[in-house]
Amino acid sequence: MFLKSWLNKMKGKCLPPSARKVMRMENTLLCRLDELSGKFDHLNRRLDELSGQHGYLDGKIQALSARNDLLFWFSQMREGEGLARTKRNFFEKLVPEEGLIRGTQLVMLNLLDFIDDVCTENGLTYFLSHSTLIGAVRHKGFIPWDDDTDVSMMREDFLKFKDIIKKQSRYRLVDYYEAGCRKEACGRFAKLVDTNLPLHVFVDIFAYDWENTNSDDEAVRKYYTTRTELSERIWQTAQRLGCAAESRPIEDPAIKSQIDAVFDEYVYPYPKEGTGIQWGVDLFWMKNIYCLKKEDIFPVKRMPFEANVLREDERGSGKKEKKREFCVPQNPEVLLSLYYGDIMEIPNRCYAYFHAKYFDFFGKEDIIDEYLKTMGCSDQKEQCV
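Caption draft 1: Highlighting the overall build of the protein chain. Counting secondary structure elements, the protein chain contains 12 helices and 10 strands. Split into buried and exposed, the 385 residues of the protein chain put 42% on the buried side. By sequence separation, contacts in the protein chain at least 24 residues apart represent 73% of the contacts at least 6 residues apart. Surface exposure of the protein chain reaches about 21,800 Å², of which carbon and sulfur atoms provide 54%.

Caption draft 2: Quick look at the nonpolar core. Counting residues in each nonpolar core, the largest one holds 89 residues, and the members touching the most others are Ile115 and Phe161. Sorting elements by how many residues they give to this core places helix 4 (residues 99–122) first, with 11 residues. For Phe161, the contacting residues outside a window of four places in its chain are Ile115, Val118, Cys119, Leu124, Met153, Leu173 and Ile205.

Caption draft 3: View of empty space enclosed by the protein. In the structure shown here, the tally under the stated rule is one cavity of 30 Å³ or more. Tallying contributions element by element places helix 10 (residues 332–340) first for the lining of the largest cavity, with four residues. Of the residues in the lining of the largest cavity, the class split is five nonpolar, two polar and no charged.

Caption draft 4: Quick look at the pairing of strand 2 (residues 150–154). Within strand 2, five of the five residues are buried, leaving the element largely enclosed by the surrounding structure. Burial along strand 2 is two-sided: the face carrying Asp150, Ser152 and Met154 and the face carrying Val151 and Met153 are both buried. Bridge count for strand 1 (residues 126–128) against strand 2 is three bridges, and the pairing is antiparallel. Considered in strand 2, the bridge of Leu128 is made with Val151. Of the strand pairs in this sheet, strand 2 and strand 5 (residues 202–211) are connected by five bridges, and their pairing is parallel. Bridge pairing in strand 5 places Met153 opposite Ala207.

Caption draft 5: Spotlight on the packing of aromatic side chains. Taken as a whole, this structure holds 17 aromatic pairs when the rule is applied. Considering the side-chain rings of Tyr223 and Tyr224, the 5.4 Å spacing of their centres and the 80° angle between planes classify their relative orientation as edge-to-face. Taking relative accessible area as the criterion, Tyr224 reaches 23% and is therefore assigned partly exposed. Here the aromatic cluster, defined as three or more aromatic residues joined through ring pairs, consists of Phe127, Tyr176, Phe189, Phe202, Phe206, Tyr208, Trp210, Trp279 and Phe298. Across the ring face of Phe91, the terminal group of Arg138 is positioned such that the distance to the ring centre comes to 4.4 Å.

Caption draft 6: The arrangement of the packing of helix 4 against helix 6 (residues 155–166) in detail. Look at helix 4 against helix 6: their axes get within 11 Å of each other, and the N-to-C directions meet at 110°. Between helix 4 and helix 6, the interaxial angle falls into the category roughly perpendicular. When helix 4 is examined against helix 6, the residues Phe114, Ile115, Val118, Cys119 and Asn122 are found in contact with a partner set consisting of Phe161, Ile164 and Ile165. Residue composition of the contact of helix 4 with helix 6, grouped by class: seven nonpolar, one polar and no charged.

Caption draft 7: Here's a closer look at the packing of helix 4 against helix 12 (residues 365–374). Two numbers describe how helix 4 lies on helix 12: the axes approach to 10 Å, and their chain directions differ by 40°. As far as their axial angle goes, helix 12 and helix 4 are oblique. Considering the relative orientation of helix 4 and helix 12, their crossing is left-handed. Two secondary-structure elements touch here, helix 4 through Leu100, Gly103, Thr104, Leu106, Val107 and Asn110 and helix 12 through Glu365, Ile368, Tyr371 and Leu372. For the contact of helix 4 with helix 12, the residue count by class is six nonpolar, three polar and one charged.

Reading the values: the criteria
- Residues numbered from 1 in each chain as written.
- Predicted model: local features only at pLDDT ≥ 70, side-chain atom pairs only at ≥ 80, totals over all residues.
- Heavy atoms only, no water.
- Helix = DSSP H or I, 4+ residues; strand = E, 2+ residues; numbered from the N terminus.
- Buried < 20%, exposed > 50% of the residue type's maximum accessible area, 1.4 Å probe, protein only.
- Contact = heavy atoms within 4.5 Å.
- Areas by Shrake-Rupley, 256 points an atom, 1.4 Å probe, with all protein chains shown as cover.
- Core = buried A, V, L, I, M, F, W, Y, C linked by side-chain atoms within 4.5 Å.
- 1 Å grid on protein atoms, 1.4 Å probe; cavity = no way out; pocket = protein on both sides within 12 Å on 5 of 7 lines; lining within 4 Å.
- Points joined across faces, edges and corners; volume = space filled by probe spheres on them.
- Nonpolar A, V, L, I, M, F, W, Y, C, P; charged D, E, K, R; others polar.
- Pairing = 2+ DSSP bridges.
- Phe/Tyr/Trp six-rings, centres within 6.5 Å; stacked < 30°, edge-to-face > 60°.
- Lys NZ or Arg CZ within 6 Å of the ring centre and 35° of its normal.
- Axes fitted to C-alpha atoms, helices over the stretch in contact; angles between N-to-C directions.
- Parallel < 35°, antiparallel > 145°, perpendicular 65-115°, else oblique.
- Left-handed = near helix turned anticlockwise from the far one by under 90°.

This is a description of form; function is not addressed.
Structure, rendered in structure tokens:
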């Protein structure tokens, strides 16, 4: 034992000077590492303490926020009125926006009238969706600060609608794509425009597909598996063709046809019936995908929407001859709660300008005003509302 201890003690002294220097540096670093490790453990303990305090404070803030929300709703409440009715009355009495947003909304309203007429005359089914459905349920019209409009159809009706639109000249369906701009970006969807308006105000039309899987989880897994493969194929094809479309039409017909061919491989043949419906696999990426129950969507029902605004064919007489209603899902609250939670709470974000900002409408209000005049809607407040 003594000999082994002596050898270990002499080990460093018997080494050359350069090696002894390296060993001293190594020992110094090891000591420093032990010191830093101790400080790191201390910081971790402190972080755990702060996390607990943060959780406590976050809970207090949420409680205060909920209390303030409740006090706000109580201040709006009329005698004998329940909280749900108070919230509904509050949103319904919000007046429409003015200026550029309202002008854009009136253009989109005319497009919705056209969609409703075509579908009614041809036995096609559509329903308002996304923020437009929120507007129908909560405001009985457009969300005052929203300038985007969304309509959904089952794919079979959507394709029939496309064929009908091709046979007339005023309205046009424009295919928009996400292809080649980012590897995960992949999508194809349609926008309805009025060619009488030189600005690109539109209604988005989305195609849903039937789903026959009994399990919601299985349906979602199936969607994401197919979607991942489709995204990779679109990325490779777009890179080969030099295509980089980000929510834009593809102008070159040869490139468009090749991109469409890839999408179509994953769309056709499509089921014409099912137990549920799902966001079309060729549409743009959705973070949260749900397999919606058939009975929550169909049969669709009609709901008032901007009921006080005259239709284009009524503006000559100035008389309201037809009650404006649009189709919505059978249980719209179920659909909206999945995507948006409680829509009867004050929104965190009360501004939009999607069309105006994305398509540079600012300063072009006179173009929209001129278009509205040709529709017999010279003054947005007096003539239209």
